[in-house]
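What follows is the residue order along each chain.
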Amino acid sequence: MVNGVEFGLLGPIDVRVDGRPVPIRSPKCRTLLATLLLETGRLVSVGRLTEAIWDDRQPDNPRRAAQLYVTRLRALLEEAGSPPLISTGSDGYLIEAGDDLVDLGRFRHWLLAADRAARRCDPDGESTALRAALRQWRGDPLCDVPSELLHRESVPGLREQRLRTLERRIDVDLRLGRYAELVEELRGLTARDRLRERLWLQLVTALHRSGRRAEALDAYHQGCRHLAEELGLDPGEEFQRLHAQVLAGTPTAPAETVGLPPVPRQLPPDVSGFAGRSAEVDRLHTLLHTRDLRPGGAPGILVLNGTAGVGKTALALHWSRRVAESFPDGQLWVNLRGYDDRATVTPEHALALFLRALGLPTAQIPADLDGQTGLYRSLMDGRRMLIVLDNAGDAEQVRPLLPGGTGSFVLITSRNELSALVVTEGARSVRLDPFTTCQARQMLAARLGRQRIDAEPEAVDRIVEACGRLPLALAIVAARAVARPDFPLAALHRQLAEAGDGLDRFASPDTAVDVRAVFSWSHRTLGTPAARLFRRLGLHPTPELSAPAAATLAGVDEPRSRPPLDELAAAHLVSEHAPDRFVVHDLLYAYAAELTAEQDPPALRDASQRRLVEWLTRSALNARPLLQPSESEVTVPVPGVPPDVAPLTFSAERQAREWYGTERHNLIAAVELAQARGFDDLCWRLAYATWVHLHLTRAWAELIRTHRAGLRAAERTGDRIGQAHMLSGIGTAYRSTRQTGLAVRTHQRALEIFREVDDPAGIATVLSNLGAAYRDAGEHLRSLRCSRQAYALERAHGETGNMSISLYQIALTLTVAGRPAEAVPVITESLEIFRSMGHRRGEARALQAAATAHSQLGRHGAAIAQYRRAAEIYRDLDDRWYHAASLHRLGDALRTAGRRQDGRVVWRQALAVYEELGAPDAAALRRKLRE
């Protein structure tokens with residue numbers, strides 16, 4: 001005991017400290033204490049506490065009211081000398097008292113001791129333990145606790161446990177031959193509980209074995225009369241057989257006495273080397289003790305779902321082993337084979353297995369499902385059991401296996417979400433995801449040893465990624481490593497790499513652990529549209545895609561693609577990680593690619609991929625002008641939209657920018673896919689369409705890579721317009737990465753082509769870019785010449801948007817050349833054009849250029865105001881890098897104006913954004929702050 005503290009539930013609420021009673025006079029405090037003690041050591045939610053205390057008559061502020069009574073109860077206990085035992089959790093409270101401090105805990109402890117004695121075939125020890133368990137009872141449980149909820153949900157189960165324990169003890173004593181003493185006890189019990197057939201059966205047995213045949217027959221008839229008059233029931237088959245034995249004078253052997261059914265312990269052995277799921281185990285513990293899992297008096301039901309090979313069964317088994325002792329009436333386990341190469345286990349077959357485990361002879365098991373279900377639920381009523389339904393296929397396979405009552409807990413594993421159980425049975429659903437890298441390393445360390453893992457950390461990380469962090473794949477590789485203890489892990493990774501990206505890397509003669517076979521069991525359960533769509537996902541350039549992209553691949557409109565997508569998500573073959581955004585696990589993605597290569601003709605695959613690239617290209621071309629309104633007049637030649645492609649349209653800059661950000665990796669991968677598949681006309685156009693996004697996000701490497709792919713595609717087809725646009729885009733990336741000489745030469749090549757094809761808009765764009773490159777090279781006169789030529793061409797053709805950019809470039813060059821007074825009117829004109837177009841990003845750039853010119857002229861107030869306004873615009877646009885750059889320059893301007901402290905404040909704001917973005921500019925700014 002902790003400082004001599006003891007609690008009692010099995011009767012009136014009883015609290016003692018060092019043997020002295022502590023009266024709990026407040027009914028609400030008694031209810032609070034009882035609710036906590038029923039879940040000793042487990043968090044009880046505030047909602048459960050308030051429902052137990054006030055039922056449907058909740059106070060205005062239930063949480064505050066519960067806190068008040070917790071405070072009162074704590075004070076009462078601590079005043080009596082108890083240490084602090086009631087702790088506050090994230091959304092509730094728990095009482096940290098060991099089972100030995102609570103009579104209910106001691107009762108369960110003695111029941112386990114009785115089970116151990118029974119397994120040793122020690123009836124004397126079993127009887128002693130059962131008597132000790134029954135001594136914990138002091139009357140009707142919670143008899144002074146005025147809680148409708150507890151008396152409705154908890155008390156009936158406690159009463160049933162006591163009665164069943166009493167009947168079990170009597171059964172053991174019958175086997176020990178203690179007939180005479182049992183007769184009087186059973187007469188009293190049957191007088192108090194006339195409708196308990198089991199007690200009548202035991203009384204008749206005791207009388208018959210004592211040689212009191214007439215009294216045994218009389219007791220039989222009394223019991224039958226009470227059952228018939230008050231319940232309308234005939235005696236059960238076993239009671240009738242006993243009656244026949246008494247009539248015939250046949251002695252009953254002790255083994256024939258009706259005893260408690262055996263306590264089933266069906267959990268398989270724990271998983272060797274289980275690791276990496278501590279957070280998930282803790283979550284299951286929390287959910288086990290969350291009363292929200294038992295709505296309306298139903299048993300707790302939890303569905304553990306996830307994709308194939310993610311380790312659902314291993315987690316269920318490991319956790320079930322840890323909590324087994326919380327279920328003294330036993331544990332049932334069945335593999336329903338919902339996803340298996342063997343025949344699915346029917347509900348009838350599973351129920352027959354369970355009924356036999358509960359002690360029912362095969363001959364007494366009904367043949368029909370309804371009869372089996374009813375008998376199963378009758379036998380389970382009042383028991384506290386754990387039922388694990390592993391590898392369930394659908395809700396209909398599971399529903400007949402759900403027990404009644406509140407004492408049991410059902411854990412279901414499935415690749416399907418089983419949402420029907422959530423809707424109709426109040427089940428909770430928990431999705432199990434693939435390991436994180438850290439969890440995967442923990443699993444490998446548990447199986448291979450920490451020393452071997454730590455010796456080759458880089459090889460371990462490569463193995464983890466090659467396995468897609470999928471537990472099954474990791475287990476296969478770990479088994480190979482265990483079988484080859486002298487092999488370096490780098491050699492195992494090399495073998496994986498040499499096997500390519502397919503699933504041959506994880507092949508096994510045992511289909512239970514062959515990744516391809518395990519995936520196939522999920523695939524074969526799909527309907528035809530979902531199976532067809534899953535195969536098409538293997539044609540997407542990356543494992544992540546949108547719902548419209550999936551519809552485009554399938555060649556259907558988006559509403560028709562949604563049901564198959566939902567089916568794939570329910571089966572965990574895809575995951576909807578955001579609304580209308582889906583991701584396929586790397587290994588499932590490889591499996592989908594295998595399936596489409598095997599089952600879909602090449603022409604169909606080619607058409608699906610071209611349709612997807614066409615959709616991405618058209619959507620990106622629709623989005624590009626919103627990011628760069630000044631270029632809205634400049635378009636590349638594009639054929640008409642194919643009838644089976646429905647590109648996205650965008651209404652605002654933010655919407656277009658967010659789409660680009662979300663689809664970024666798909667756009668880049670689609671450019672490379674188009675080049676590889678020979679979609680050359682689409683390849684360079686898609687690269688062109690993504691230029692603005694990659695430029696604004698400073699993704700120079702991706703910009704160069706996509707434009708080089710586009711350039712090769714345009715060269716293959718002799719498309720000179722395409723070549724010129726690709727060279728122009730590459731030149732801007734070279735300039736931004738300070739490769740000035742390359743930028744000049746690349747823009748010159750683009751300019752030659754645009755002049756060759758006589759494209760005035762292209763000529764003007766390249767001249768403007770070439771002028772910027774010359775400025776970076778220090779050739780200011782050449783820069784001004786190019787920019788002014790660009791401006792003249794744009795003005796001649798009425799391209800107002802591009803005129804603003806050329807004016808901006810002229811002003812920048814004048815400022816760099818030390819001619820800020822000339823730059824101010826030029827940049828002012830550019831700023832007015834940007835504003836008239838509603839081009840806010842252009843406005844911010846022009847404000848920055850104007851601020852630089854004003855700063856050189858000593859007009860610090862104007863410069864500070866313009867930098868500040870530019871920073872505000874970038875903040876509104878959620879353009880974080882340029883927002884930070886504007887703040888950086890604003891800090892410089894404040895410092896130059898003598899406002900050093902204000903400058904430092906702004907610099908710190910800029911530094912915080914730089915550091916979040918991982919920008920190299922952060923280092924220079926840190927140096928400024930240190931100085």
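Conventions and cut-offs
Residues numbered from 1 in each chain as written. Predicted model: local features only at pLDDT ≥ 70, side-chain atom pairs only at ≥ 80, totals over all residues. Heavy atoms only, no water. Helix = DSSP H or I, 4+ residues; strand = E, 2+ residues; numbered from the N terminus. Rg over C-alpha atoms; globule rule 2.2 N^0.38 Å. Buried < 20%, exposed > 50% of the residue type's maximum accessible area, 1.4 Å probe, protein only. Contact = heavy atoms within 4.5 Å. Lys, Arg positive; Asp, Glu negative; His and termini not counted. Charge placed at Lys NZ, Arg CZ, Asp CG, Glu CD. Pairing = 2+ DSSP bridges. Axes fitted to C-alpha atoms, helices over the stretch in contact; angles between N-to-C directions. Phe/Tyr/Trp six-rings, centres within 6.5 Å; stacked < 30°, edge-to-face > 60°. Expected span 1.5 Å × (residues − 1). Arc of directions from axis to C-beta. Patch = residues over 30% accessible without salt bridge, like charges linked within 9 Å, V, L, I, M, F, W, Y side chains within 5 Å. Areas by Shrake-Rupley, 256 points an atom, 1.4 Å probe, with all protein chains shown as cover. Salt bridge = Lys/Arg side-chain N within 4 Å of Asp/Glu carboxyl O. Polar contact = N/O pair within 3.5 Å; in protein donor to acceptor, adjacent residues only side chain to side chain.

Draft legend 1. How the structure looks around the overall build of the protein. Counting its regular elements, the protein contains 42 helices and 14 strands. For the protein, whose C-alpha radius of gyration is 38 Å, the value lies well above the compact-globule estimate of 30 Å for 931 residues. With the C-alpha coordinates aligned to their principal axes, the bounding extent of the protein is approximately 125 × 70 × 60 Å. Per-residue burial for the protein yields a buried fraction of 54% across its 931 residues. Counting contacts in the protein only where the partners sit at least 6 residues apart, residues at least 24 apart contribute 68% of the total. Positive and negative side-chain charges in the protein, numbering 120 and 116 respectively, have mean positions lying 5 Å apart.

Draft legend 2. Local environment of the sheet that holds strand E5 (residues 86–88). Taking strand neighbours across the sheet as the criterion, the 3 strands line up as E4-E6-E5 in an open arrangement whose pairing is antiparallel. Edge positions in the sheet fall to strand E4 (44–45) and E5, since each of these pairs with one other strand and no more. The sheet contact formed by E5 and strand E6 (residues 92–95) spans 3 bridges and is antiparallel. Paired with Thr 88 across the bridge in E6 is Tyr 93. Across the face of the sheet, helix H3 (residues 62–79) comes into contact with E5 and E6 while running at roughly 145° to E5.

Draft legend 3. Quick look at the environment of Arg 63. Its place among the elements puts Arg 63 in helix H3. In this structure the C-alpha to C-alpha distance between Arg 63 and Glu 843, which are 780 residues apart in sequence, comes to 52 Å. Once you skip the residues sitting within four places of it in the chain, Arg 63 turns out to touch Val 46 and Asp 91.

Draft legend 4. View of the side chain of Gln 609. Topologically, Gln 609 is positioned in helix H28 (residues 602–627). With near-sequence residues (within four places) excluded, Gln 609 lies in contact with Leu 539, Leu 673, Arg 677 and Phe 679.

Draft legend 5. Structural detail: the pairing of E6. Side chains of E6 alternate between two faces, with Gly 92 and Leu 94 and Tyr 93 and Ile 95 buried alike. Here E4 pairs with E6 via 2 bridges, running antiparallel. Each residue of the ladder has a partner; that of Val 44, found in E6, is Tyr 93.

Draft legend 6. Region of the structure containing the packing of aromatic side chains. Here the structure, examined in full by the defined rule, presents 11 aromatic pairs. Here Phe 107 and Trp 137 contribute two aromatic rings whose centre-to-centre distance is 5.5 Å and whose plane-to-plane angle is 85°, an arrangement assigned as edge-to-face. Of this pair, Phe 107 sits in helix H4 (residues 103–119) while Trp 137 sits in the loop between helix H5 (123–134) and helix H6 (148–153), and the two are 30 residues apart along the sequence. For the pair Phe 107 and Trp 137, a shared accessibility class is recorded, and that class is buried. With 5.0 Å between their ring centres and 80° between their planes, Trp 881 and Tyr 882 make a pair best called edge-to-face. For the pair formed by Trp 881 and Tyr 882, the shared burial category is buried. Within the aromatic cluster, the residues linked to one another by ring pairs are Phe 519, Phe 534 and Tyr 591.

Draft legend 7. Just helix H41 (residues 900–917), in detail. The terminal C-alpha atoms of H41, which comprises 18 residues, lie 26 Å apart, in line with the 26 Å expected from a rise of 1.5 Å per residue. Along H41, the residues classified as buried are Gly 903, Val 906, Trp 907, Ala 910, Leu 911, Val 913 and Tyr 914. In an axial view of H41, the angular spread of the buried residues amounts to 165°, which keeps them on one side of the axis. For H41, exposure combined with an orientation more than 90 degrees from the buried face picks out Gln 901 and Glu 916. The inward-facing, buried residues of H41 abut helix H40 (880–896) and helix H42 (921–930). Positive phi appears at Gly 918, one or two residues downstream of H41, with a value of about 70°.

Draft legend 8. A look at unusual backbone geometry. With a phi angle near 55°, Leu 142 is a residue other than glycine that sits in the positive phi range. When you line up the elements, Leu 142 lands in the loop between H5 and H6. Leu 142 sits in the buried class, given a relative accessible area of 0%. The phi torsion at Asp 758 lies on the positive side, around 60°, for a residue other than glycine. Residue placement: Asp 758 occurs in the loop between helix H33 (740–756) and helix H34 (760–776). The exposure class assigned to Asp 758 is exposed, which follows from its relative accessible area of 59%.

Draft legend 9. Quick peek at the pairing of strand E2 (residues 14–17). Across the two faces of E2 the burial differs, with Val 15 and Val 17 buried and Asp 14 and Arg 16 not buried at all. The antiparallel hairpin formed by strand E1 (residues 5–8) and E2 contains 5 residues in its connecting segment, where Gly 11 sits at a positive phi of about 145°. Bridging between E2 and strand E3 (residues 20–21) involves 2 bridges; their strand directions are antiparallel. Its bridge partner being in E3, Val 17 is matched across the sheet by Arg 20. Hairpin connection of E2 to E3: 2 residues between the antiparallel strands, including Asp 18 at a positive phi of 55°.

Draft legend 10. Quick look at a nonpolar patch on the surface. Nonpolar side chains collect at one region of the surface, where Leu 195, Leu 231 and Leu 233 lie side by side and expose about 240 Å² of accessible area between them. Residue Leu 231 is classed as partly exposed on the basis of its relative accessible area, which comes to 41%.

Draft legend 11. Inspection of the environment of His 585 at higher detail. You can see His 585 is positioned in the loop between strand E14 (581–583) and helix H27 (586–599). Here the alpha-carbon distance between His 585 and Pro 543, two residues 42 residues apart in the chain, equals 6.9 Å. Apart from the residues within four sequence positions on either side, His 585 is in contact with Pro 434, Cys 467, Gly 468 and Leu 470. Separated by 3.1 Å, the side chain of His 585 and the backbone nitrogen of Leu 587 make a polar contact.

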